[in-house]
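Structural overview
Given next are the chains, with one letter for each unit.
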Amino acid sequence: MGLCSSWDGTISYSEFFDAARALSEKWKLSNSACPPWTWICCKKPFWVSLHEEQGYLSLENFYCCSISKEGSYHDQSQSFGEEPVDDAALDDPCAPEVHQYDFHIVYSASYRVPVLFFRGYHCDGQPLTVDDIEKGLPANALKTLKESKWTFMTREEHPYLNRPWYTLHACGTSEWMKLMFSDSSSTQHGAVVEQYLVSWLSVVGQVVGLQVPLEMLKSSNLKPPFSSD
Amino acid sequence: MGAVGSEAQKLVWEGTIPLEIRLHESEITTYPPPPPALILGPRLGYLPLLAQQVKPYFSDTLPPGADTVWFEYKGLPLKWHIPIGVLFDLLCGEPERPWNLTVHFRGYPTDLLSPCEDEDSVKWSFINSLKEHRLDIQNQLVDSVIVAFKLRSKMIEYKPGLGFTGLPKPEAQARPMLGKIESFLRISSKLKLGIVGEEGYSTMTSCSIVSRQTRQTTGDVDTPGPNRTGRIPVRLYVRSVGDDVDDFGDITPVDNWDEISYVNRPLEFHDEDGKLLTLYDALKSVLPELFEVEPSIAQESSRMDIEESRTTETTSNPQDLENAINSRCKETKETPDKCQSQCFPYRKTEIKLVRIQGIEPKLVIPFAWVVKNLTNPDHFLHISVFVNASRDQPT
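Within any chain, residue numbers begin from 1 and follow the written order of that chain's sequence. Chains carry letters from A onward and ligands carry numbers from 1 onward, assigned in written order. In keeping with the predicted nature of the model, local features appear solely for residues at pLDDT of at least 70, side-chain atom pairs appear and are counted solely at 80 or more, and the whole-chain, interface and lining totals rest on all residues. Side-chain calculation: all heavy atoms of the structure are included, whereas hydrogens and water are not.

By the naming in an unreviewed UniProt entry, chain B is Autophagy protein 5, taken from Stephania yunnanensis. UniProt positions are given in the numbering used here, feature names are shortened, and annotations may be inferred rather than shown by experiment. The record in UniProt for chain B states the following under Subunit (unreviewed entry): "Conjugated with ATG12."

An unreviewed UniProt entry annotates chain A as Ubiquitin-like-conjugating enzyme ATG10 originating from Stephania yunnanensis. Note on chain A: under the UniProt heading Sequence similarities (unreviewed entry), the record states "Belongs to the ATG10 family."

So, about the sheet that holds strand S10 (residues 351-355) of chain B. All names here are of chain B. Two strands qualify as a pair provided that DSSP identifies no fewer than 2 bridges between them. In DSSP terms, a helix is any run of H or I states spanning at least four residues, a strand is any run of E spanning at least two, and both are numbered starting from the N terminus. Within the open sheet, the 4 strands sit side by side as S9-S8-S11-S10. Their pairing is mixed. Both edges of this open sheet fall to strand S9 (260-268) and S10, since each of them pairs with a single strand only. Between one strand and the next, the sheet's axes are offset by a mean angle of 25 degrees, whatever the strand orientation. Here 9 bridges tie strand S8 (residues 231-240) to S9, and the two strands are oriented antiparallel to one another. Pairing of Arg239 across the sheet is with Ile260, part of S9. Along the sheet face, helix H3 (residues 84-91) touches S8, S9, S10 and strand S11 (381-387) and points at about 10 degrees away from the line of S11. Across the face of the sheet, helix H8 (residues 279-286) comes into contact with S8, S9, S10 and S11 while running at roughly 120 degrees to S9. In this description, a line fitted to the C-alpha atoms serves as the axis of each element, helices being fitted only across the stretch in contact, and the angle between N-to-C directions of two axes falls anywhere from 0 to 180 degrees. A contact between two residues is defined here by any heavy atoms of the two lying within 4.5 Å.

Moving on, we come to the packing of aromatic side chains. Ring geometry is summarised as follows: Phe, Tyr and Trp rings, the Trp one being its six-membered ring, pair when their centres sit within 6.5 Å, and such pairs are stacked at plane angles under 30 degrees, edge-to-face over 60 and tilted between the two. Summed over all chains, the structure comprises 19 aromatic pairs over all chains. Summarising the aromatic geometry, the rings of Trp7 of chain A and Phe181 of chain A are spaced 5.9 Å apart at their centres and angled 75 degrees between planes, so their arrangement reads as edge-to-face. With Trp7 of chain A in the segment before helix H1 (13-30) and Phe181 of chain A in the loop between helix H5 (173-180) and helix H6 (189-207), this residue pair connects regions lying 174 residues apart in the sequence. This pair shows no difference in class: Trp7 of chain A is buried, exactly as Phe181 of chain A is. Here the aromatic rings of Phe103 of chain A and Phe118 of chain A are separated by 6.3 Å at their centres, their planes lie at 40 degrees, and the arrangement is tilted. Taken together, the residues Phe103 of chain A in strand S3 (residues 98-108) and Phe118 of chain A in strand S4 (residues 113-121) connect sequence positions 15 residues apart. Neither residue differs from the other here; Phe103 of chain A and Phe118 of chain A are each classed as buried. Consider the ring centre and the ring normal. A charge sits over the ring if Lys NZ or Arg CZ is within 6 Å of that centre and within 35 degrees of that normal. The lysine or arginine in question, Arg235 of chain B, covers the ring of Phe380 of chain B, its NZ or CZ lying 3.7 Å from the ring centre. Accessibility here uses a 1.4 Å probe with only protein chains present; expressed as a share of the type maximum, an area under 20% marks a residue as buried, one over 50% as exposed, and anything in between as partly exposed.

Quick look at the packing of helix H1 (residues 7-14) of chain B against helix H12 (residues 367-374) of chain B now. Residues and elements named next belong to chain B. It is at 8 Å that the axes of H1 and H12 come closest, and there the two elements cross at 50 degrees. Viewed along their axes, H1 and H12 adopt a mutual orientation that is oblique. Two secondary-structure elements touch here, H1 through Ala8, Gln9 and Val12 and H12 through Trp369, Lys372, Asn373 and Leu374. Side-chain classes follow a simple rule in which Ala, Val, Leu, Ile, Met, Phe, Trp, Tyr, Cys and Pro form the nonpolar group, Asp, Glu, Lys and Arg form the charged group, and the remainder, Gly included, forms the polar group. Class assignment of the residues belonging to the contact of H1 with H12 gives a composition of 4 nonpolar, 2 polar and 1 charged. Orientation labels follow simple angle bins: below 35 degrees gives roughly parallel, above 145 gives roughly antiparallel, 65 to 115 gives roughly perpendicular, and whatever is left gives oblique.

Here's what the structure looks like:
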């Protein structure tokens, strides 16, 4: 099936599952130093519909430095030629600390798009507060967070774990996903599905310091698409 | 003008739950301890919005420190983003009146509950729910929804020796506590949040299930737009209770949210052929394992159900629904039993109870009626389901 222009940027659950498998495989190939993305089966009781929503994609124990790269200099002072060293030192007088993150990619049946849930810890096991997370955010993400406190990143209930996790809101995801594929050369819907989560993560991951290696984004030779039914 | 709610919608809107709220003993610094606060909590409201009334009541006895309000029922911290009525339906097997809650102002369980800083948290949780349903809602319009939705509660004071004071007169009981349903419906229709599409309306009226048109278009510009997809956002809370529970007063209280399975799913209100689905059909699409019947039998009984509902339920009076509480169980038990004995010979799993807005509706009523009349202002239909299965049962 060709990628028709009326495609609204959303995917079905089974497509999400296929896209998850594709992401997981590509991640392993080009990011072998990182923990893998693994599929976690849903713990819902057997009598809840088994046909859908039976799991999510998980990457745990991801370590990243809290005063990371561009994250520490403020947007106003940002200019291309300058060395941001002093700003960084002022902003975060503490020594750089390593934070541990868990990321979950959950399918939202309402929005029909993936949603990122995450939580973070200090190296002593203390959970990260919003302030801690803000410190690690890249400047543009931080700006968005300040402007739209309630519609960008909030702490909400993890749909499978019943505990509050940080989440990035899904409203708008389908629009920009549609844009990402709008001038894509791939006309195979299966290829779109295969590339869907990788592309999605390349955007969403930036917010939380999760980099997607460039080679993952190179469109692979179009293999026979995963079954999307 | 423009938007007039149905009788059932009004009753749901005005529904309250009498709450008896005690301050947790660890936070009482005075003697004698303060008497409990008695409050009528709006079913459609949210617990943190009660803080305005509860806090002044207990403020004299609190230890020094910053206040973050949270509530607890029998040791279970209550999730504030779930409407009060849903919490009550789900956690009180046998409705408890007044509902005995414990309030805390210290020691917020951050690992269990999402943070709730103030009313803004509630407001945005509500808005994000709305958005989940209608993605194109403009933020600036949302404020007006909130204004209409804002539910207030009235404090009833208990004075030792004097009994209850400030108890509202029956006729005034609900009025002053609530936002106006009319303005809510008007704004809803402005936002084109029509719950059920036009198609659904006409089908329902032709079934004469609903005896009157809910929205009269009296030359007003506010005409409800049809729902884009016909999909109804449903939040289903499934609670497992032990085997052979006959008395819901006896079931073990929920002491951990992991005991509740939570399903969030958009559901259709009619099938591909345009046939109007019943509540039975809708639940079956989410919990098929509890309804597995040979297709022919299921279809037949479903058809019979509709026939029956056409002839017997010609009014939309919610009292009829309440009267139907008991007869419902008998009908629905039969069918799942048959299959469960085949699929799960060791133990049968069945639905013991379905509760929406405090009502235990007949499963044969059209799903569209349920959606139109019993949804919450966030446009989600919240359904509590009790099943007699244990979570650990193998597949």
